[in-house]
Amino acid sequence: MSRRSSRISGFYKLSIEERLKIVSEFADLTSDEIGSLKRHGALDIEIANRMIENVISTYELPLGIAVNFLINGRDYLIPMVIEEPSVVAAASNAARMAREGGGVYTSSTGPYMIGQIQLVKVPQPAIARLEILKRKDEILELANQCDPVLVRLGGGAKDLEARILETRSGVMLIVHLIVDVRDAMGANAVNTMAETIAPRLASIAGGYFRLRIISNLADRRLVRAWTKIPVEAVGGREVAEGIMEAWAFAEADPYRAATHNKGIMNGVDAVVIATGNDWRAVEAGAHTYAARDGRYRPLSRWETDGSYLYGSLEMPIAVGIVGGATKTHPLAKISLKILGVKTSQELAEIIGAVGLVQNLAALRALAAEGIQAGHMSLHAKNIAVMAGAVGGEIDLVAEEMVREKAVRLDKAQEILSRIRKERKS
Ligand code: MEV
């Protein structure tokens, strides 16, 4: 009998087995489906159970390796976790092109994150702002007492800013605490500091504190990546011009800019996820940064002078190599080892470089043969499997569909039965 109420008290107190039983009954899962949920990969179920709440299983995605990356003169293999076909191949392909111009170069600001403290009902916000700024050293000291380890590593609260904000709920005083989070993503350190200094800020300002939380618009933690590629490497002058026009289209039109940036995030997110980092934070920061001047714009820029194609990108990338899943997920640890990164800044810069190269791959394909050609061969393999092809049949059916330019289930079934008939006769 299936249970249909989702009101389950104490679900979190149950064992994984008991939770699974409840979910199986709720959703009428078959024994095969329950078997799939019980089959775990590299992430041990007990580790998973400590990572989040109410765990019943682990969820796997493909982990691929993009090759050919030359970043700041150093070779990298790039672990990418993503469900979308063609992304890893496209990244590898475009990285090979970028290599011909010496690869991708990067730089970054320090790993500075912003903690926001919202002060409301402050009687004299302009005066309060100055009172707070006057006590900057004392407040930074208070914040730094939260995290002596971070301070010992050279990080910690470094600066304080205050803004008066007109809102629909009246005037607010918004204080920004700027924290050098070193190799962490930084949310924990920053949130703890923001919570610690909030009462002191409120007592100075004479109002009340409300929110005390990190800002995901990490515009003090920017990554810059650029490349200069001979036009021959991307398919010639015409293609390079097409790439520049594709960028100009995105620059002029938010509808296109969204898709342009999505292509960048294909590469960015895949590495962020592979390394156990918070991809929602990176996404939120990226898109807000893209709209920082009031209009949504592309995060990258592409130009050509007829001899070279010049690409550059600037975006916030808040990732860490210590803390959270980066240290608990075994595949995240291995991904970091494959990358061989030593600091969060190095990781962020690699991710920016991957974003730029992924963008090149998409724009080049769009400007030349179109995106579907590259997608088709993997897509065709999936369709072949759906049609029932197994083993060597998969490639045969897929190749035939691509040749006939008809990648559809009915076509796959037709080709499969033809192949099987021919084999019998
Ligand atoms: C598909 O995942 C990403 C692209 O749409 C990006 C783009 O259009 O630039 C190909």
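About the criteria used
Residues numbered from 1 in each chain as written. Predicted model: local features only at pLDDT ≥ 70, side-chain atom pairs only at ≥ 80, totals over all residues. Heavy atoms only, no water. Phe/Tyr/Trp six-rings, centres within 6.5 Å; stacked < 30°, edge-to-face > 60°. Buried < 20%, exposed > 50% of the residue type's maximum accessible area, 1.4 Å probe, protein only. Lys NZ or Arg CZ within 6 Å of the ring centre and 35° of its normal. Patch = residues over 30% accessible without salt bridge, like charges linked within 9 Å, V, L, I, M, F, W, Y side chains within 5 Å. Areas by Shrake-Rupley, 256 points an atom, 1.4 Å probe, with all protein chains shown as cover. Salt bridge = Lys/Arg side-chain N within 4 Å of Asp/Glu carboxyl O. Helix = DSSP H or I, 4+ residues; strand = E, 2+ residues; numbered from the N terminus. Pairing = 2+ DSSP bridges. Domains from an automatic or database assignment. Contact = heavy atoms within 4.5 Å. Buried area = accessible area lost by both parts, 1.4 Å probe. Polar contact = N/O pair within 3.5 Å; in protein donor to acceptor, adjacent residues only side chain to side chain. Nonpolar A, V, L, I, M, F, W, Y, C, P; charged D, E, K, R; others polar.

A few words on the packing of aromatic side chains. Tallying each qualifying case throughout the model produces 1 aromatic pair. Seen from their ring centres, Tyr308 and Tyr310 are 6.2 Å apart, and the 50° between their planes marks the pair as tilted. For Tyr310, a relative accessible area of 29% puts it in the partly exposed group. The ring centre of Trp279 lies 4.4 Å from the NZ or CZ of Arg280, which sits over that ring.

This part takes up a nonpolar patch on the surface. Together, Leu63, Ile65, Val67, Leu77, Leu331, Ile334 and Ile338 make up a nonpolar patch on the protein surface, roughly 520 Å² of accessible area in all. Listing elements by their share of the nonpolar patch, those giving two or more residues are strand 1 (63–71) and helix 14 (330–339). Structurally, the position occupied by Ile338 is in helix 14.

Here we come to the pairing of strand 10 (residues 308–316). Of the pairings in the sheet, the one linking strand 8 (residues 222–230) to strand 10 comprises 9 bridges and is antiparallel in character. Paired with Thr227 across the strands is Gly311, a residue of strand 10. The pairing of strand 9 (residues 300–304) with strand 10 spans 5 bridges and is classified as antiparallel. Looking across to strand 10, one finds that Arg301 is bridged to Ser312. Hairpin connection from strand 9 to strand 10: 3 residues lie between these consecutive antiparallel strands, with Gly306 at a positive phi of about 95°.

The assigned domain composition of the chain is domain 1 (11–51), domain 2 (65–109 + 221–370), domain 3 (112–214) and domain 4 (374–424). Placing the centre of domain 2 and that of domain 3 at their C-alpha centroids yields a distance of 33 Å. Contacts between domain 2 and domain 3 engage 11 residues on the former and 7 residues on the latter. For the pair domain 2 and domain 3, the summed buried area comes to about 690 Å², and 55% of that belongs to carbon and sulfur atoms. Per-residue buried area on domain 2 facing domain 3 is highest for Arg221, Ala318 and Val322; these three make up 55% of the total on that side. At the junction of domain 2 with domain 3, the criterion picks out 0 salt bridges. Remark: the boundary between domain 2 and domain 3 carries 6 residue pairs in polar contact (both at pLDDT 80 or more). The residue inventory of the side of domain 2 that touches domain 3, partitioned by class, reads 5 nonpolar, 4 polar and 2 charged.

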